[in-house]
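Structural overview for review
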Amino acid sequence: MITDIYEAEKALFEDGVQTVLRVQENRYRRVGLLKGNIVSNSRSESKGISARVGKNGLYGFASIAECSNEAAKKVLKAASDNVKLLSRHVESKAILLPPSYGTGRIPTNYEIADAQQKRIIDVCRKIDDHILRKYPDLDSRSVFYSEDSQDRIIYTSDAFDGHLVTPRCYIYVSMSLKTKDGNPVEMFKALGGFGSLEDNFSDIEQYYPEIDTLYKRLRDKAEGVYAKAGYKTVVLGGLMGGMLAHEAVGHTVEADLVMGGSVAGPNLGKKVASDLVSLVDYANTVDGKMAPLPVYLDDEGIKAEDAVLIKDGILTGYMNNRETAEKFNMKPLGNARGWSFGDEPLIRMRNTCILPGKSTEEELIESVEDGYYLIDSGNGQADLTGEFMFGVTCGYEIKNGKLGKALLDTTVTGVAFDMLKTVDMVSDKVEWTSSGFCGKKQQMAVGMGGPHLRCKIMIGGR
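This structure is a prediction, so every number in the text was calculated from the model and none was measured.

**Focus on the environment of Pro 98**
Structurally, Pro 98 is set in the loop between α1 (69–89) and β4 (104–106). Judged by relative accessible area, which is 26%, Pro 98 ranks as partly exposed. Remark: the alpha-carbon pair of Pro 98 and Glu 210, spanning 112 residues in sequence, is separated by 50 Å. Those residues in contact with Pro 98, other than ones at most four positions away along the chain, are Gln 18, Asp 158, Arg 322 and Glu 326.

**Details of the pairing of strand β27 (residues 447–450)**
Side chains of β27 alternate between two faces, with Gly 447 and Gly 449 and Met 448 and Gly 450 buried alike. Bridge analysis of strand β24 (residues 431–433) against β27 gives three bridges, and the strand direction is antiparallel. For Thr 433, the partnering residue across the bridge sits in β27 and is Met 448.

**Some thoughts on the pattern of salt bridges**
Summed over the entire model, instances satisfying the criterion amount to 28 salt bridges. The salt bridge partner of Arg 29 is Glu 45, with a shortest N-O separation of 2.9 Å. Placement of Arg 29 in strand β1 (residues 18–34) and of Glu 45 in strand β2 (residues 37–55) is noted, with a sequence separation of 16 residues between them. Of the residues examined, Arg 29 reaches a relative accessible area of 2% and is grouped as buried.

**Some points on the packing of helix α2 (residues 117–134) against helix α4 (residues 208–222)**
A pair of packed helices is characterised by two quantities: the angle between their axes and the separation of those axes. It is the contact of α2 with α4, at a shortest axis distance of 11 Å, that shows an interaxial angle of 45°. In terms of orientation, α2 and α4 fall into the oblique class. In this structure, α2 meets α4 at a crossing whose hand is right-handed. Every residue of α4 that contacts α2 at Lys 126, Ile 127, His 130, Ile 131 and Lys 134 is listed here: Tyr 208, Ile 211 and Asp 212. Its residues assigned to classes, the contact of α2 with α4 shows four nonpolar, one polar and three charged.

**Thoughts on unusual backbone geometry**
Backbone geometry at Lys 35 places phi at a positive 50°, although glycine is not the residue there. Along the polypeptide, Lys 35 turns up in the loop between β1 and β2. Although it is not a glycine, Lys 441 sits at a positive phi angle of roughly 65°.

About the criteria used
- Residues numbered from 1 in each chain as written.
- Predicted model: local features only at pLDDT ≥ 70, side-chain atom pairs only at ≥ 80, totals over all residues.
- Heavy atoms only, no water.
- Helix = DSSP H or I, 4+ residues; strand = E, 2+ residues; numbered from the N terminus.
- Buried < 20%, exposed > 50% of the residue type's maximum accessible area, 1.4 Å probe, protein only.
- Contact = heavy atoms within 4.5 Å.
- Pairing = 2+ DSSP bridges.
- Salt bridge = Lys/Arg side-chain N within 4 Å of Asp/Glu carboxyl O.
- Axes fitted to C-alpha atoms, helices over the stretch in contact; angles between N-to-C directions.
- Parallel < 35°, antiparallel > 145°, perpendicular 65-115°, else oblique.
- Left-handed = near helix turned anticlockwise from the far one by under 90°.
- Nonpolar A, V, L, I, M, F, W, Y, C, P; charged D, E, K, R; others polar.

Take a look at the structure:
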């Protein structure tokens with residue numbers, strides 16, 4: 001990030017007032033190919049400064065689309081004026097925060113290498129050429145490159161400072177065929193992860209096996225059958241487990257939504273899942289390795305730590321910002337984040353994951369006499385009761401412990417805490433994805449993951 005905002009701007013912070021100054025640049029790179037033709041090609045940036053000023057339990061927020069010392073002065077004054085205005089019109093005061101949760105400096109974790117647009121197009125064309133050459137029978141194919149990065153500098157009056165960079169880039173490969181009845185079936189796969197273009201796509205051929213698997217599953221799906229509706233024993237793949245961890249459980253344990261009436265409120269300290277289920281929102285490392293989208297510092301200056309949400313089936317905690325942590329007598333662990341410079345930080349997930357167990361994926365499948373293996377979901381939604389509905393875009397029958405015919409698109413529904421109590425086998429490996437956005441009021445890049453789970457769930461039919 002090119003900026004002339006320096007720590008000297010802390011001299012502008014008012015004594016005794018909790019202040020966060022955030023300088024942030026977001027970058028976006030997009031290239032899309034449809035049947036080999038370029039249909040999108042764009043580059044954009046947004047950059048600016050925001051200030052959040054807290055006094056007597058109230059907060060003022062302001063932002064400006066400039067990066068300069070003068071802009072910093074403007075937003076600090078505007079945020080201070082806003083909180084003073086609020087104090088004259090709001091009778092009740094919010095929770096007063098303690099002065100500090102630790103101070104220090106978080107070093108820069110990554111440097112962005114900005115690829116030229118031509119290089120991005122060349123990478124997409126190489127993947128498209130491979131698909132066309134190997135699978136000429138496809139009715140349609142698309143290759144879509146998406147890169148977004150957050151580069152932000154945080155200065156605080158009473159917490160940690162730091163320079164945090166969170167880049168990711170993915171290539172979404174989509175293929176379609178027709179069934180014997182002439183109906184189209186489609187599947188897609190996200191390739192890539194944390195980092196810039198060359199971190200992920202300097203060796204395109206490493207992704208060919210994944211593309212080959214995608215085609216095989218699409219071919220199976222084109223000859224697939226509808227699931228039989230009902231309450232069934234299923235094996236959820238790791239990506240389905242990740243969707244469950246994020247949508248059906250994760251949102252219910254975000255403290256602001258707990259205060260809004262989520263099912264997690266009256267269940268803290270209670271049994272919400274089987275003994276085999278534990279759930280953690282990881283900050284920046286998982287088992288000693290970098291998390292899919294590492295977060296080292298949040299937008300309130302809180303140093304990021306892992307949040308244990310469910311342990312051995314017991315709901316043990318929430319994800320918090322500083323204010324809700326004080327309300328619930330918990331420690332803030334770095335979950336307050338805003339997507340762009342003009343967004344106030346909200347309580348957000350980072351890398352939410354159900355922990356692995358001791359069984360193998362093969363053992364889970366072999367244990368099912370009559371059920372389904374549900375591998376991937378194209379979408380999902382849940383409400384504050386934990387009731388969810390996920391679309392299933394890839395799955396197979398399980399007959400006598402062996403995979404049968406592929407499934408055409410279907411849905412699964414349930415209530416998360418009820419469904420998790422039926423989990424009786426958990427695999428020993430976790431699958432991660434960080435290719436999507438969470439859409440809670442403002443978008444946010446998140447990671448989610450899980451092992452294979454054997455459980456009971458309601459599945460839709462034709």
